[in-house]
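# Summary of structural features
Here is what each chain is made of, one letter per residue.
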Amino acid sequence: MWRDHLTEIIIFSLLFLLVSAMGFVAARWRAPRDMAHLDEWGLGGRSFGGWITWFLVGGDLYTAYTFVAVPALIFGAGAAGFFAVPYTIVIYPLVFLVLCRLWSVSHRHGFVTPADFVRNRFDSPILALLIAITGIVATMPYIALQLVGIEAVLKTMGVTGDSALARHLPIIIAFAILAAYTYQSGLRAPALIAFVKDSLIYIVILVAVVYLPYKLGGWGDIFDAADAKFKASPAPGDGILLNANNQLQYVTLAFGSALALFLYPHSITGVLASKNRDVIKRNMSALPAYSLLLGLIALLGYMAIAAGVKPLPGAKAGSVDGNTVVPLLFDSQFPDWFAGVAYAAIGIGALVPAAIMSIAAANLFTRNIYKEYLKRDASPAQEANVSKITSLVVKVGAVACIVFLDPQFSIDLQLIGGVIILQTLPAVALGLYTRWFHRGALIAGWVAGMGLGMWMLYQIANPATGKKHFAGSAFPLEKFGFDTPKTIYVGIVAVLVNLAVAALLTLVLRAAKVADGVDGTTPDDYFADEGDPRVTPGAERDADAAPEPVA
Amino acid sequence: MAAPEPEAPTTARSRAKDHSPWNWLLFIPIVVPLIPAFFNADSPRLFGFPRFYWLQLAWIILGVATTTLVYQMTKKRGGDR
């Protein structure tokens, strides 16, 4: 009952109101002379320094869903869920150089989205449209999942109702507020709120990793309790260590997820908002602090095992909602007021990425669909306006997904999202290094990668839950005819096929001398830095000459 | 916030490119964390953590150290490289 959780609810609501107020005030923070420009609304004026970028990108990549789902995975399957740690280590050296090149070329040409870059580099509106649609489709369920994070918290606090509307009302209100201040303040709102969100999360986790082991008998006992649970369970894949069959899956999932993460439009939005290359490089060294946090959060799953947490029932009868594990752990182990702070951290943690994702999806729509196909001569002010309205539509869509569909549907879609966003790798990431690929071949590769990825995901069943299709991302190699119980991450296979098709067809199309368009960028563009002149097309304002009236 | 420097701006053409041999070091923190043979074991335990967990958390330090080193060694060159 919610009355038992009154203190938690009050603290949660107060902190929630505080950040909502900050979201509205953010419009005036580092205010530009003219907010009616997509660079201002959608990229915070491309002016964020090291600290803001650290909080913004950290708050963006490490979402509330991550904080809830990763420990839930560890709780359920053990070591396999720890892939999140190598995944978030590998990513930074991987993109250290790549994203600097993307930043530079975007700075020179005024690109706002990865599809803008592809359009210009490969001179292909179709390829750019495919990239934009892939980005939007992959991002939408990710936004919906942020709501799953909030819902897990609300459920634990007993804020539920009998009718669907009553049950979802708090989330609808929360998202309405979020939509209103994102509409007004653009990327500045999540940037400012990220300070609060991350501070709360760091405090909660530091307390949790010191206090909870002390209460539960020490780390050794926690791991032993988990070990005992997995030894007793009949499932073959669980355990506190990997077994011979899931190591390949573990490594390919970590690597594939790392490749995918920075192809997501919201990650690129966060990076493009930084003011120069140095900020990005320094952040690639500083962002792993969040990985440490994530690793410790993941271990909350084992603490929940040691503390004897039983997850709350799920939406369907007989199922359990694993995502409630962490909120329940806090509820049972922390004093009420601190559990309230922890819940607020998760709830606010959902708002930051949801805002950035909706902005990123809106930018993609505006730049690569609206401006490309609907209104060629849109002014920057019109672009900003379309983006603001689209961000509202995107959020309504995300709420509708959660209210009207089984949340499991969003989780499945997000799984698919990781696989499909990987298919933009050849055009976006490799495109930053080489224009060797033919634009037609890139399109064919995308089609092949998408087709194969979808087919593989469709084939994956989970006998334990009775799902026949889309039951995970671990593809059994025996379906390819190999005599082995090993599994592999779908995304890696799909993107390798994508690359192979793109490479082969490039050779064919080049031999057949098919027209390949004109590269709109020069090699120097990829090293441009703050202060270098921009070559933004059209009559845009002189953005770099005087970002501030007086120094 | 600093206004743009008043000095003559260095253009991309005059600036060093990303071709430093130091960049090859970045492969270490990409490859090492993806080799399960290193970490997929229980012993030795450290503060109660099985090796699987403390070693993978330690790779974070490896990643930070490498990116920091590469950044420091490749930034702000005068005219060379």
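Residues numbered from 1 in each chain as written. Chains lettered and ligands numbered in written order. Predicted model: local features only at pLDDT ≥ 70, side-chain atom pairs only at ≥ 80, totals over all residues.

In the nomenclature of an unreviewed UniProt entry, chain B corresponds to DUF3311 domain-containing protein from the organism Micromonospora chaiyaphumensis.

Going by the annotation in an unreviewed UniProt entry, the name recorded for chain A is Solute:Na+ symporter, SSS family, with Micromonospora chaiyaphumensis given as the source organism. Under the UniProt heading Subcellular location (unreviewed entry), the note attached to chain A is "Membrane". The UniProt entry for chain A carries this comment under Sequence similarities (unreviewed entry): "Belongs to the sodium:solute symporter (SSF) (TC 2.A.21) family." (UniProt positions renumbered as here; feature names shortened; annotations may be inferred.)

## Side note on the interface of chain B and chain A
Taken residue by residue, the interface counts 39 residues in chain B and 41 residues in chain A. Of all the secondary structure elements, the ones that give two or more residues to the side of chain B that touches chain A are α1 (27-31) and α3 (51-74) of chain B. If you tally residues by element for the side of chain B that touches chain A, the top one is α3(B), at 11 residues. (Contact = placed C-beta atoms within 7 Å. Helix = DSSP H or I, 4+ residues; strand = E, 2+ residues; numbered from the N terminus.)

## Remarks on helix α4 (residues 64-77) of chain A
Residue and element names in this part refer to chain A. Between its terminal C-alpha atoms α4 stretches 20 Å, which fits the 20 Å expected from 14 residues at 1.5 Å a residue. Here α4 lies mainly inside the structure; 13 of its 14 residues are buried. Positioned one or two residues after α4, Gly78 has a phi angle of 85°, which is positive. (Expected span 1.5 Å × (residues − 1). Buried ≥ 20, exposed ≤ 12 C-beta atoms within 10 Å, placed from the backbone.)

## Some details on the UniProt feature "transmembrane region" (unreviewed entry) in chain B
Residue and element names in this part refer to chain B. Cross-referencing UniProt, the feature "transmembrane region" (unreviewed entry) maps to residues 22-41 and 53-71 in the present numbering. Secondary structure across residues 22-41 divides into 45% helix and 0% strand, with the first and last C-alpha atoms of the span separated by 32 Å. End C-alpha atoms of residues 53-71 are separated by 28 Å, and the span's content is 100% helix alongside 0% strand.

## Let's talk about the packing of helix α1 (residues 6-25) of chain A against helix α17 (residues 336-374) of chain A
Packed helices, taken two at a time, are described by the angle between their axes plus the distance between the axes. All names here are of chain A. Look at α1 against α17: their axes get within 8 Å of each other, and the N-to-C directions meet at 40°. When you trace α1 past α17, the crossing you get is right-handed. Listed contacts from α17 to Thr7, Glu8, Ile10, Ile11, Phe12, Leu15, Phe16 and Val19 of α1 are Asp336, Trp337, Ala339, Gly340, Val341, Tyr343, Ala344, Gly347, Ile348 and Leu351. Residue composition of the contact of α1 with α17, grouped by class: 13 nonpolar, 3 polar and 2 charged. (Axes fitted to C-alpha atoms, helices over the stretch in contact; angles between N-to-C directions. Left-handed = near helix turned anticlockwise from the far one by under 90°. Nonpolar A, V, L, I, M, F, W, Y, C, P; charged D, E, K, R; others polar.)

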